[in-house]
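# Examining the three-dimensional arrangement
One-letter residues, chain by chain:
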Amino acid sequence: MSNSRRPIESGEQDILDHLEAYIDANADDDTLTRETAVTYLMEQGIGHVEASDRIEQLLLKGYLYEVGEELRIPPRS
């Protein structure tokens, strides 16, 4: 099985793209926590509830994972 992740919706892909851009732009800064991610997404015009829900879905589907308080994006194949 080459890819065991479940497919994601376009809205979830948008969130993932935003978070990747944030990580790329802030590579030297602190780690990305859920709280920081939600705040950043809200600055991008995404509502608090939607941002939280999309992050949770990305975690459940394996497109994000948490280590302690830190959100990470696994490498794409």
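These remarks concern the structure in this document. (Residues numbered from 1 in each chain as written. Predicted model: local features only at pLDDT ≥ 70, side-chain atom pairs only at ≥ 80, totals over all residues. Heavy atoms only, no water.)

## Quick look at the pattern of salt bridges
As enumerated under the stated definition, the model contains six salt bridges in all. Ionic pairing is found between E50 and R54, a salt bridge with its closest N-O pair at 3.6 Å. One end of the pair is E50 and the other is R54, both in helix 3 (residues 48-61) and four residues apart, which spans about a single turn. Among the ionic pairs, R72 bridges to E70, the shortest N-O distance being 3.2 Å. Here the residues in one salt-bridge network are E9, E50 and R54, joined through shared partners. (Salt bridge = Lys/Arg side-chain N within 4 Å of Asp/Glu carboxyl O. Helix = DSSP H or I, 4+ residues; strand = E, 2+ residues; numbered from the N terminus.)

## Regarding the packing of helix 1 (residues 10-25) against helix 2 (residues 34-43)
At a minimum axis separation of 10 Å, helix 1 and helix 2 run at an interaxial angle of 105°. What the angle tells us is that helix 1 and helix 2 run roughly perpendicular. Here I15, H18, L19, A21 and Y22 of helix 1 come into contact with helix 2, specifically with T36, A37, Y40 and L41. Looking at side-chain class alone, the contact of helix 1 with helix 2 contains seven nonpolar, two polar and no charged residues. (Axes fitted to C-alpha atoms, helices over the stretch in contact; angles between N-to-C directions. Parallel < 35°, antiparallel > 145°, perpendicular 65-115°, else oblique. Contact = heavy atoms within 4.5 Å. Nonpolar A, V, L, I, M, F, W, Y, C, P; charged D, E, K, R; others polar.)

## Notes on the environment of S52
Tracing the backbone through its elements, the reader meets S52 in helix 3. Given a relative accessible area of 26%, S52 falls into the partly exposed group. (Buried < 20%, exposed > 50% of the residue type's maximum accessible area, 1.4 Å probe, protein only.)

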